[in-house]
Amino acid sequence: MKEIASYAMGQWVAPDAAARSVDCAITGAPFARIGNGTLDTKAMLIHAREVGGPALRAMNFHERAKMVKALAMALGEHKQALYDLSFHTGATQKDHLIDIDGGIGTMFVFASKGRRELPEAHVYVDGDLEQLSRHGSFMGQHICTPLRGVGVHINAFNFPVWGMLEKLAPTLLAGVPAIVKPASSTAYVTELAVKIMLESGLLPEGALQLISGGVGDLFDGLGPQDVVSFTGSAQTALMLRSHPTIAQNSTRFIAEQDSLNASVLGPDAAEGTEEFSLFIKEILREMTAKAGQKCTAIRRIMVPQTQVEAVIKAISAKLDALTIGDPREESTRMGALVSMSQKHDVLAMVDTLATESKIVWRDEARVPTEGAFVSPVLLHCENPDTATEVHATEAFGPVSTVMGYRDLAHAAALVAKGEGSLVTSLITADPAIATAFVAEAAPWNGRIYINNRHSMKESTGHGSPLPHMVHGGPGRAGGGEEMGGIRGVMHYMQRTAIQGSPDMLTAIGQKWVPGAAEVTGPAHPFTRRFGELALGETLHTASRTITLEDIETFAHFTGDTFYAHMDEAAAARNPFFPGRVAHGYLLLSFAAGLFVEPNEGPVLANTGLDSLRFMKPVVAGDAIKVALTVKRKTTRNEEYGEVRWHVSLTNQDDELCATYELLTMNAL
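Presented here is an overview of the structure given in this document.

What counts, and at which threshold
- Residues numbered from 1 in each chain as written.
- Predicted model: local features only at pLDDT ≥ 70, side-chain atom pairs only at ≥ 80, totals over all residues.
- Heavy atoms only, no water.
- Helix = DSSP H or I, 4+ residues; strand = E, 2+ residues; numbered from the N terminus.
- Buried < 20%, exposed > 50% of the residue type's maximum accessible area, 1.4 Å probe, protein only.
- Contact = heavy atoms within 4.5 Å.
- Areas by Shrake-Rupley, 256 points an atom, 1.4 Å probe, with all protein chains shown as cover.
- Axes fitted to C-alpha atoms, helices over the stretch in contact; angles between N-to-C directions.
- Parallel < 35°, antiparallel > 145°, perpendicular 65-115°, else oblique.
- Nonpolar A, V, L, I, M, F, W, Y, C, P; charged D, E, K, R; others polar.
- Pairing = 2+ DSSP bridges.
- Salt bridge = Lys/Arg side-chain N within 4 Å of Asp/Glu carboxyl O.
- Phe/Tyr/Trp six-rings, centres within 6.5 Å; stacked < 30°, edge-to-face > 60°.
- Lys NZ or Arg CZ within 6 Å of the ring centre and 35° of its normal.
- Expected span 1.5 Å × (residues − 1).
- Arc of directions from axis to C-beta.
- Polar contact = N/O pair within 3.5 Å; in protein donor to acceptor, adjacent residues only side chain to side chain.

A word on the overall build of the protein. Summing up its helical and strand segments, the protein has 19 helices and 28 strands in all. Judged by the C-alpha coordinates and their principal axes, the protein covers about 90 × 60 × 45 Å. Per-residue burial over the protein gives 56% buried out of 668 residues. Sequence-distant contacts in the protein: of pairs separated by 6 or more residues, those separated by 24 or more amount to 72%. Only carbon and sulfur atoms are counted for the fraction: they give 52% of the accessible area of the protein, which is about 27500 Å².

Right under this line is the structure:
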């Protein structure tokens, strides 16, 4: 009998007399014990806030991103142990790739995005500057800083690894400690993953704690700086969301819950097309992966009325060839549900659905008699407009219902009857169909997945939430969001509007703001190494007069003989120009000539420019000069770092003609 422990305040806490048993999904026999009635959850919250939080916030975003990557690597080194244990949940080897490999991959993505999209700093600058005064001496900037609380993660049973890691990665990246509470029926897999991460020595004390079993009075100790992220049933979400402490303290509550997801076969995807075959493949995968125990699984199959019989026949043929059994066997394509209680729930939901739909495929004879195995069930609802259960009852297993639609608007209306979904897929090769459908269906979905013959080889599948994209949905789906790249990190940070002078905003945001004090370096900035450059260090160049010969030479050399540069009368008729003007890219070229130090030095490469804007035309006879300022510095590796320079071009009257941000890689 496996003892599933909790990890609280730096100590492993074994189950006690209050523990209950957890069954093996394959045999139905008791497999583990979980629960401790004396766990001091309020002390865990305090420990996280007072020990874990400060330790994480002492690290900058990039240091935390490196930590998340190292944690993913540590988990990757122990994947086989996680696989071996996870078989007892009823999951097959292919299911492990979704849960375990998918969770590790999610951590890698967040680590990479943290390094590329977050600053090497402690404050995230959100959005553009707002000029709040006429001359720019008083400005506004939104920033995001880590909450001073705890991320409380309450996870579902179906993904004991991915479900934890997709919440944990953005939480740690934000600089917030986490208390993880997995579902009891699969908590033994989560416990092993937590042990691997803790034993790696990568996490500061208090950054990660684990509750195996009930949460006790945890919610009574939550405060306004804490975040609850929940995955599970709508009923449980409502109970937790309604807790008085959540309401009183305005504690952030993120819910991802029941969802009647749909897949729509486009009216152009007739039987015999590649899209039709793709549709059947997606349906089979979503019915059988994790034995249908996926929050993104397809519950409602919507097809043109003329294609209903063909779709039922094609899905049934695929199910006829399905091997159901011990998930440890290589030949098995679908394993067991997670527990005997889950099996009873699914069968009860099938009975409910069958009150208004006809079962068109089911084969209990091929299902093992021991354990939590069930047959896939395919139903057909002939009257989806008047039916209610098919749009309200989720059998969280290998169960889907086919329904016909009259036209695309009808299909979108049927999708909306689910009152909010995590994902709806559309299989079509016609962009006009996709455009019309998305306009109607998007308000009811967190994600719309569109696939066809052109994208199917590289597509990730209807049921695969990706860390780059938002995972969540409106209404019945919970109304929350997870992941979505850096958006997911922001759930654990506070956005604050900062108002003040450019110098104040520069200091707070660790990013030079135009109008802030400039620093004069001891030498040309391109001769100084990354570590020697100071924020705000500025080079003011000499000026260069633009001649008509310059303009014409550039035009003929590049082939850009646009009339505004070559035809005085035509240019004068243009409301934006006083006459013939210099090319914008000529100005950029001359600007580089003014500020570049040509000799070999610490500048290794120019990697691009951002935010280019032309404000005032430059005509022959104007003289331009450049101010080049160190705006932000970001270490990239042990050899070099990225310098973001603010570049402004002004004329002889000090009028701003152009601005942009130049990116260079400089030796450390």
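Now for the packing of helix α5 (residues 162-174) against helix α6 (residues 187-199). Between α5 and α6, the shortest axis-to-axis distance is 10 Å and the interhelical angle comes to 40 degrees. Our classification of the angle between α5 and α6 gives oblique. Residues Met 164, Leu 165 and Leu 168 of α5 touch α6, and the partners they reach there are Thr 190, Ala 193, Val 194 and Met 197. In terms of residue class, the contact of α5 with α6 is made up of 6 nonpolar, 1 polar and no charged.

Here the focus is the sheet that holds strand β15 (residues 358-361). Taken in spatial order, the 7 strands of this open sheet run β15-β16-β17-β14-β13-β18-β19, and their pairing is mixed. This sheet does not close on itself; its edge strands, each paired only once, are β15 and β19 (445-451). Between one strand axis and the next, the sheet turns by 25 degrees as a mean value, whatever way the strands run. Across 5 bridges, the pairing between strand β16 (residues 377-381) and strand β17 (residues 399-405) is parallel. Counterpart to Leu 378 in the pairing with β17 is Ser 400. Running over the sheet, helix α9 (residues 274-288) touches β13 (262-265), β14 (300-304), β16, β17, β18 (421-427) and β19 and is turned about 165 degrees from β13. Lying on the sheet, helix α10 (residues 308-320) is in contact with β13, β14, β15, β16 and β17; it crosses β16 at an angle near 170 degrees.

Attention now goes to the pattern of salt bridges. Close approach of charged atoms lets side chains of opposite charge pair. With the rule as written, the count across this model stands at 27 salt bridges. The salt bridge partner of Arg 406 is Asp 385, with a shortest N-O separation of 3.1 Å. Of this pair, Arg 406 sits in the loop between β17 and α12 (408-416) while Asp 385 sits in the loop between β16 and β17; the two residues are 21 residues apart in sequence, bridging distant segments of the chain. A residue is classified by how much of its surface remains accessible, and Arg 406, at 60% relative accessible area, is exposed. Judged by its relative accessible area of 35%, Asp 385 is partly exposed. A single network of salt bridges, built from pairs that share partners, joins Asp 610, Lys 631, Arg 644 and Glu 661.

Let us look at the packing of aromatic side chains. Two measures describe an aromatic ring pair: the distance that separates the ring centres and the angle between the ring planes. A full pass over the atoms with the stated rule returns 8 aromatic pairs. Relative to Trp 645, the ring of Phe 526 has its centre 5.3 Å away and its plane inclined at 65 degrees; by these criteria the two rings are edge-to-face. You can see Phe 526 sitting in the loop between α15 (502-509) and β23 (538-540) and its partner Trp 645 sitting in strand β27 (residues 640-650), a full 119 residues away along the chain. Note on accessibility: Phe 526 and Trp 645 belong to one class, buried. Across from the ring centre of Trp 12, 5.2 Å away, lies the NZ or CZ of Lys 195, which sits over that ring. The ring of Phe 159 carries Lys 290 above its face, with NZ or CZ at 5.1 Å from the centroid.

To continue, consider the sheet that holds strand β6 (residues 124-131). Hydrogen bonding along the main chain pairs the strands of a sheet, whether they run parallel or antiparallel. With antiparallel pairing, the 3 strands of this open sheet are ordered in space as β6-β7-β22. Looking at strand neighbours, the two that pair on one side only are β6 and β22 (493-500), the edges of this open sheet. Pairwise comparison of adjacent strand axes, ignoring direction, gives a mean angle of 20 degrees for this sheet. Of the pairings in the sheet, the one linking strand β7 (residues 139-146) to β22 comprises 8 bridges and is antiparallel in character. Residue pairing in the sheet places Pro 146 in a bridge with Met 493 of β22.

The spacing of Asp 385 and Glu 286 is 99 residues in sequence and 24 Å in space, taken between C-alpha atoms. In this structure Asp 385 touches Arg 406, His 410, Leu 414 and Lys 417, once residues within four positions along its chain are discounted.

Counting buried positions along β16 gives 5 out of 5 residues, so the element sits mostly inside the fold. Two elements, β15 and β16, share 3 bridges in a ladder whose sense is antiparallel. Bridge assignment links Ile 359 to a residue of β16, and that residue is Leu 379.

Here the focus is α5. For an α-helix, 3.6 residues make a turn, and residues three or four places apart therefore share a direction. With 13 residues, α5 extends 19 Å between its outermost C-alpha atoms, agreeing within 8% with the 18 Å of an ideal straight helix rising 1.5 Å per residue. Counting buried positions over the 13 residues of α5 gives 13, a clear majority of the element.

It is worth spelling out helix α13 (residues 431-441) at this point. Residues Ile 433, Ala 434, Phe 437 and Ala 441 constitute the buried set of α13. Mapping the buried residues of α13 onto a view down its axis gives an arc of 95 degrees, with all of them on the same face. Within α13, the exposed residues directed more than 90 degrees away from the buried face are Pro 431, Ala 432, Thr 435 and Ala 439. Looking at the buried positions of α13, the neighbouring elements they touch are β13, α12, β18 and β19. Capping the start of α13 is the job of one residue whose side-chain oxygen sits 2.9 Å from the backbone nitrogen of Ala 432: Asp 430.

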